[in-house]
Every structure is written in C-alpha cells, then in structure tokens.
Amino acid sequence: MANHSSSNLSRAFSDFVTRGVCIAKKDARIYYFKPQIVGFGILIPAFVYLSFSLGREIPPNLLIPGLVGMVSLFGASSIEAIAIPIERQTETWELLQIAPVSTLTIVFGKSLAGSAFGIMLSLITALGAVLLSGSTVTNPLMFVVAVIVGTFTFSALGMLVAAAAKDMPTANISLTALRLPMIFIGGVFMPIQALPLQLRVISYLTPLTYLVEALREAVAGPSIMFAIDAAVLLAWFIVLQSLAVLVLDKRSLTSRITIRSFLGK
Amino acid sequence: MENVIEASNLTKHYGAIKAVDNINLQVRKGEFFGLLGPNGAGKSTTIRMLTSLTKPTSGIVKVTGRDCVTESLAVKQKIGVVSEVSNLYNEMSAWDNLMFVGELYGVERSVRVERAKRLLEVFQLYERRNDRVIGFSKGMKRRVRIAIALLHRPEVLFLDEPTSGLDVQSSRLIRSLVKGLNKEGMTIFLTTHYIDEADQLCDRVAIIRQGKIVVEDSPEKLKSSLQGEHIVEIAFDRNRSDIETLLRADPIVKDVTKEGDKYHVHTGRPSDVIKKMVQFAASNRLEIVSMSTKQPSLEDVFVKCTGLDAVQLERMELLRVVKASGQRG
C-alpha cells in the first residue's frame, strides 16, 4: 500500500517536472533565446549600471554583485511579462489550460524558462565583469546557487505581474514600476548599510536585496548570512509562485467570459 | 449503452448572470452529439464545464466516468478539445506544434512521431509539416488544431464551431474527417451555428436557450415534431413592402418570414395556400417567379425553440465573425 502511493507520488512528480520542462523548452524557443533578446538582456542592465557608476570608484566586490543582481532581475522577469499577454491574446494560453497539466506545472515551466535565461545572462555578465576587473569570486558554487535561487524568484515575480495585468503594456509598466525602486534600494549601486534607516528597512522587504547580499558573500567569502539570504529568496520564490498560480486560476474563470462577451458569443 | 458525458443539474453563475441554468445532459459512448443555441445561450459555458475549464456553481458533471471538478487532470487526459479559434504557436511548424502538445499529454516520443505523421497525412498537411503555421490558411490551421486534439487518442472529442469562417472545401474535409472518427467509435460533442451541419452529422442534438435546454432528440424526430407544418416558398417578380402583411392577414397562414427575395409561408394547409398565392399574385398584379413546398428543417425547429428567425441568425453570425476578426486582427 505504502509502495503503491509512493510510486504514484513519484510518477506525479516526474510528470510535473517532465511537462514543466516541456513548457519551458517551448517558451525558450519561442520567446527567449533569440539574438536580439539575449543582447538586450545584457546591454540594458549594463548601460543602466554604467550610467550610474561611471566616474565613481566602485570596488569589484560591490560591482560584480550589483551588476549580476540587476541582470538576474531584468533577465528572469522581463520575457514572461510579454509572453503571457501574447499567449492570452492569441489564445494559446487555452492550449495549455485544456492539457492535463495543473496551473502550478504551467507556472513552474514558465518560471524555469525565465530562470534559465536569467542564469545564462547573469553568468555571462559575471564572467565578463571578472575578466574586465581582474577580480575573483571566492566561492563560485555559492555564487551560482545564489543566481539560480534569485532568477527563479524574479521569474516568478514576472509571472505574477503578467498574470495580474490585463495586457502587455500594463504588465511592462507595472514591472518597471516594481524593478526600478528595487534597484535603487537593493544595494546594487551602494551597500544597503549606506542607506538611510527608513530605506534600509524597505530594502529588506525586496528580494533583490537578498540576492545582492548573497552574491556579495559569495564574492567576499563564506558567511553564515549566505544561507539566510538564500532561504529568504527561496521563501520569496514560493510566495510569488503561489500567488501567480492563484491569480492565474482566478483569471482563467473570468477572462474567458470577458473575451466571449466581447465577441458576442 | 454507457454514458461518457453526464451532467446533472448543472448551473453556472457569473456574478448576477446565470449563464447555465440547471441543465441535464447524457451523451452515450460513440454518439455524435450537437449542442445548438443562439449567441449567449450558454453553449460555451457548458462546453467549458464539460472540459474542466470552468467549475460549475452547482451540479455534477462527469466525463468518461470521472468528475470534472475533482478529477480534472484525468478528464483532460481523456478528452480532445478544439476551440473555435485555431490557437496554435504561429512561430512553430505544424510538426513542432504537434510534438509539443504530444509531450504535454505525456505521449512517448516514438509514439507521437508515428501518430503525428499519420495524422498530418490524413489531414493532407504532411508535405507542409515543417512550415511555420503563421503562413497557413485558416482551414489548414483548423486541420492542424484538430490533429493536435487527436494526437493523444482521446475518448471524447469536443468541437466548438469547427467549421466557422472556413471555405467550403475545408469545411467539407473537416466534416468528413470528424464523421470518420465517429464511425471508428469516438464520441463527439459539437457546438455549431450551422444548423445544417448538425443535421448532417449528429445522432442527437440539444437546443439551449437562455441557459436551459429546451429540446433534445435526434434531428429527424425533432423535425417530425413539427409535422403538420409545411412551408410554401414563393418569390414574386417585384418586391413590395406590404406583401408580408398581406400574406399574414390570411387565417390559414401561421407565419411569414422573408429570406432573400423569397417568402416562407408557414401553414398546415399547403395546397390551400398555393391556390391562394396564385389568386393573391393575380389580384396584386404580381408575377410568381418560383414556388415550392418544403418539409420543416432542423433550422425551423431551432427557430421555433429559440424564437430567432434566419435573418437574425445571419446577423448574429456576421456580427460575431466581424467582432472576432477585429479582436484577433
């Protein structure tokens, strides 16, 4: 009996992962891995960073985490904000809904695609920054773990915003409105210890802060704080992903009737 | 024979709107079932509840013996759904669309390759399998969409307006294909605006109006329910605005509808009506261009049950197509 239920559970988990990966591969192919998208994914955060850091002496232990944190945020969150409204508009979203996959599987698959894209951009950026600055990352494994957890979190953030927004422009504006303040108070350009107390408190409410801190600990050397930062990021991921599932489930019940009412059907 | 679709006291509210009102439906295994109704009657909401896309407000709905609410993933694994819109990934080829959906349904790679090849051959698309679907005509896209719905070998196929807006050739091909699938034993649940299509294809139809099923039977039995009612179709050489009123004034005429340049005179006494039409034409200096009698059609049953006439139906279909084009364009 116990063996039977354990085998069912293992099959359900295997289906969840396989079908999630199938959605991720499809999204990667259609929306992500195109030269112009990859180019913009690295160039935009790099230009933003340079425009705020040029002329200032920023030590590599601040530069690499800040830049990589920003690339992770932009890279992992941007594309689903476009992809989900497009899928709703072309009604391919319904192709996913009528398939035997749960909303959680769909969200997982899409987060996986966003995360893979964010990881790729972040690691390219990190490699470039290390080579150009001549600095080193003390613990590369911790660095990669932080990037993975961070990009999953930001991908889930993009999913949630796209799920809640009525169309693509609204999703993009909402995401920008969330990301810009996060960059300024998340320790990207300066350590959060240098921020005024009120901003420091707010900065601890944003996931980017924990990624930048975790990356800083990976660059500087092992610290117990890394585990805490990674755990908080993981908690953010679970919360954002769960909210995205809830919003998508709720919207799937109402959006269709709105579209159909408009079509007069 | 076992029922593969069973809905009991199915009701769906959207806020204050009651989209589906306490309907009961049974569809037997291997049956070709049609759900007909005017726009906004509750067809789409019903099909969404039967395909586990929407939860009913109350009532029970089972497909292939599984509860659509509590076992929705198991239900989705057993059904194929073709929505009115050919929702495909335009950037991908027909082949890749099939492979993606096959993988999503858990069909093994070797099996889905073999089935996709066979389906695309049957649907006359194999030569175009590697072309991106963005370049396909509406009829070709619809064929790919149906092929996708069949790849995992569903027990029940739900078709929502499968031939809407298609050219005659594509419509005929799709009708012939779905009829073939039904002959092979697949249960098919169809919604359509084309009453003739339902008449040709369905073993049984239900007509839904304002969320309630008003009638349900085989097309022939429904037509015979109107027996005793005949239609005399007549066209005059000139159009006069008062013809309809003058025709209606006769007590043996039950109803008059105008379709194009022809008048449909509904009556229980066709021979008397024919005689009177000849007299009517002579006294009003009109010439009869054509005159014939017709048996009631399924459309007449539909009109009687829904209270809509053919012109209203055409207007609604046109409005729907125009709005749909605007939305997608």
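What counts and how
- Residues numbered from 1 in each chain as written.
- Chains lettered and ligands numbered in written order.
- Predicted model: local features only at pLDDT ≥ 70, side-chain atom pairs only at ≥ 80, totals over all residues.
- Domains from an automatic or database assignment.
- Helix = DSSP H or I, 4+ residues; strand = E, 2+ residues; numbered from the N terminus.
- Contact = placed C-beta atoms within 7 Å.
- Pairing = 2+ DSSP bridges.
- Axes fitted to C-alpha atoms, helices over the stretch in contact; angles between N-to-C directions.
- Parallel < 35°, antiparallel > 145°, perpendicular 65-115°, else oblique.
- Left-handed = near helix turned anticlockwise from the far one by under 90°.
- Nonpolar A, V, L, I, M, F, W, Y, C, P; charged D, E, K, R; others polar.

### Concerning the domain arrangement of chain B
Interfaces are often sized by the accessible area lost when the parts come together.
No. 1: Split by domain assignment, chain B resolves into domain 1 (3–223) and domain 2 (228–295).
No. 2: Computed over C-alpha atoms only, the centres of domain 1 of chain B and domain 2 of chain B are separated by 41 Å.

### Section: the environment of Val265(B)
Residues and elements named next belong to chain B.
No. 1: Checked against the element boundaries, Val265 lands in strand 13 (residues 262–267).
No. 2: Between the C-alpha atom of Val265 and that of Ala249, which follows or precedes it by 16 residues, the distance is 12 Å.
No. 3: Apart from residues lying up to four places away in sequence, Val265 is in contact with Ile231, Val232, Ile234, Leu247, Val253, Val256 and Val273.

### Side note on the sheet that holds strand 12 (residues 253–259) of chain B
Residue and element names in this part refer to chain B.
No. 1: Within the open sheet, the four strands sit side by side as 12-13-11-14. Their pairing is antiparallel. The open sheet is flanked by strand 12 and strand 14 (288–294), the only strands paired with a single partner. Neighbour-to-neighbour, the strand axes of the sheet open up by a mean angle of 20°, direction not taken into account.
No. 2: Against the sheet, helix 10 (residues 270–283) contacts strand 11 (230–236), strand 12, strand 13 and strand 14, and its axis sits at roughly 15° relative to strand 11.

### Side note on the packing of helix 3 (residues 60–89) of chain A against helix 9 (residues 207–220) of chain A
Relative placement of two packed helices is described by the angle separating their axes and the distance separating the axes.
Residues and elements named next belong to chain A.
No. 1: It is the contact of helix 3 with helix 9, at a shortest axis distance of 9 Å, that shows an interaxial angle of 140°. Here helix 9 runs oblique to helix 3, going by the angle between their axes. Taken as a pair, helix 3 and helix 9 cross one another with a handedness that is right-handed. Where helix 3 approaches helix 9, its residues Asn61, Ile64, Pro65, Gly66, Val68, Gly69, Ser72 and Leu73 are matched on the opposing element by Leu208, Leu211, Val212, Leu215, Arg216, Val219 and Ala220.
No. 2: In terms of residue class, the contact of helix 3 with helix 9 is made up of ten nonpolar, four polar and one charged.

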